[in-house]
Amino acid sequence: MTGIRSEEFLGTAASALERMAFVITEPSVASAGEVLAEAGFAARVEIRGDDRSGWLLVVATAGFVREVAAGMLGLEADEVDVDDHGDSAVGELANVLGGEMIMLAGGGDAPFRLSLPTPVDDERTGELVDQALAGGFVCVLAAESGKLLLAGSLHAG
């Protein structure tokens, strides 16, 4: 079972996106399946603590990647080539949002380790979303140009 609720992580992620990339988001009514059908980029980080472990999956549409990469690089969105920057932008999102997940889980008081982000293929992405729906959290944020799916789990052990 996760100690993190979807609604709680939505607010944390939205705040982090605004701070790091100047991207304004809001909760979306889109389903995880709808985002997966549009998505082009996915990365995962592992989270390990003394008494808990988990993971965070970040899945983004090309439009969302373009908007985030532009904000992080100080470019206009039409100047960003998602083929060149998509994987690294989603990896950086997984890294930053994984850190936010650790802080929500009490990382200020308990030691956690965050793995390096790794790309995730479509099949594994679907499996991870199913796992999160069964015992973790899943949330979708929408920006002006696209959507971001966040799924994760944090459990004892």
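Residues numbered from 1 in each chain as written. Predicted model: local features only at pLDDT ≥ 70, side-chain atom pairs only at ≥ 80, totals over all residues. Heavy atoms only, no water.

## Side note on the overall build of the protein
Helix and strand content of the protein: five helices and seven strands. Counted from the first residue to the last, the protein has its helices and strands arranged as α-β-α-β-β-α-α-β-β-α-β-β. Taking 2.2 N^0.38 as the reference for a compact globule, 157 residues should give roughly 15 Å; the C-alpha atoms of the protein span a radius of gyration of 14 Å, in line with that estimate. Along the first, second and third principal axes, the C-alpha set of the protein runs to 45 × 30 × 25 Å. Looking at the 157 residues of the protein, the share that counts as buried comes to 48%. (Helix = DSSP H or I, 4+ residues; strand = E, 2+ residues; numbered from the N terminus. Rg over C-alpha atoms; globule rule 2.2 N^0.38 Å. Buried < 20%, exposed > 50% of the residue type's maximum accessible area, 1.4 Å probe, protein only.)

## Things to note about the pattern of salt bridges
Side chains that differ in sign of charge can pair as their charged atoms come close. Tallied over the entire structure, the rule returns six salt bridges. Across the pair Glu46 and Arg48 runs a salt bridge, and its minimum N-O distance is 3.6 Å. Overall, Glu46 belongs to the partly exposed group, its relative accessible area being 23%. Overall, Arg48 belongs to the partly exposed group, its relative accessible area being 41%. (Salt bridge = Lys/Arg side-chain N within 4 Å of Asp/Glu carboxyl O.)

## Topic: the pairing of strand β7 (residues 147-156)
Most of β7 is tucked away, with seven of its 10 residues classed as buried. In this structure, strand β3 (residues 52-61) lies alongside β7, joined through nine bridges in antiparallel fashion. Among the inter-strand pairings, Ser53 is bridged to a residue of β7, identified as His155. When strand β6 (residues 137-142) meets β7, the two strands line up antiparallel, connected through six bridges. Within β7, the position partnered with Val140 by the bridge is Leu149. (Pairing = 2+ DSSP bridges.)

## What about the packing of helix α1 (residues 6-21) against helix α3 (residues 62-73)?
To characterise two packed helices, one gives the angle between the axes of the helices and the distance between these axes. Between α1 and α3, the shortest axis-to-axis distance is 8 Å and the interhelical angle comes to 50°. In terms of their interaxial angle, α1 and α3 are classed as oblique. Together, Leu17, Met20 and Ala21 of α1 and Phe64, Val68, Gly71 and Met72 of α3 make up the contact between the two elements. Looking at the contact of α1 with α3 residue by residue, the classes come out as six nonpolar, one polar and no charged. (Axes fitted to C-alpha atoms, helices over the stretch in contact; angles between N-to-C directions. Parallel < 35°, antiparallel > 145°, perpendicular 65-115°, else oblique. Contact = heavy atoms within 4.5 Å. Nonpolar A, V, L, I, M, F, W, Y, C, P; charged D, E, K, R; others polar.)

## A few points about the packing of aromatic side chains
Considering all chains together, one arrives at one aromatic pair under this definition. With a centroid separation of 5.0 Å and an interplanar angle of 50°, the aromatic rings of Phe9 and Phe137 are classed as tilted. Within this pair, whereas Phe9 is found in helix α1, its partner Phe137 is found in strand β6, the two being separated by 128 residues in sequence. Across the pair, exposure class does not vary: Phe9 and Phe137 are buried alike. (Phe/Tyr/Trp six-rings, centres within 6.5 Å; stacked < 30°, edge-to-face > 60°.)

## Overview of the nonpolar core
Residues Phe9, Val58, Phe64, Leu97, Leu148 and Leu150 are the most contacted members of the largest nonpolar core, which totals 39 residues. Per element, the largest residue contribution to this core is eight residues, and it comes from helix α4 (residues 82-104). Beyond its immediate chain neighbours, meaning those up to four positions away, Leu148 contacts Leu17, Val58, Val59, Ala60, Phe64, Leu93, Leu97, Cys139, Val140 and Leu141. Residues Val35, Leu57, Ala132 and Leu149 belong to the second largest nonpolar core, which totals 15 residues. (Core = buried A, V, L, I, M, F, W, Y, C linked by side-chain atoms within 4.5 Å.)

That is the geometry; function is a separate question.
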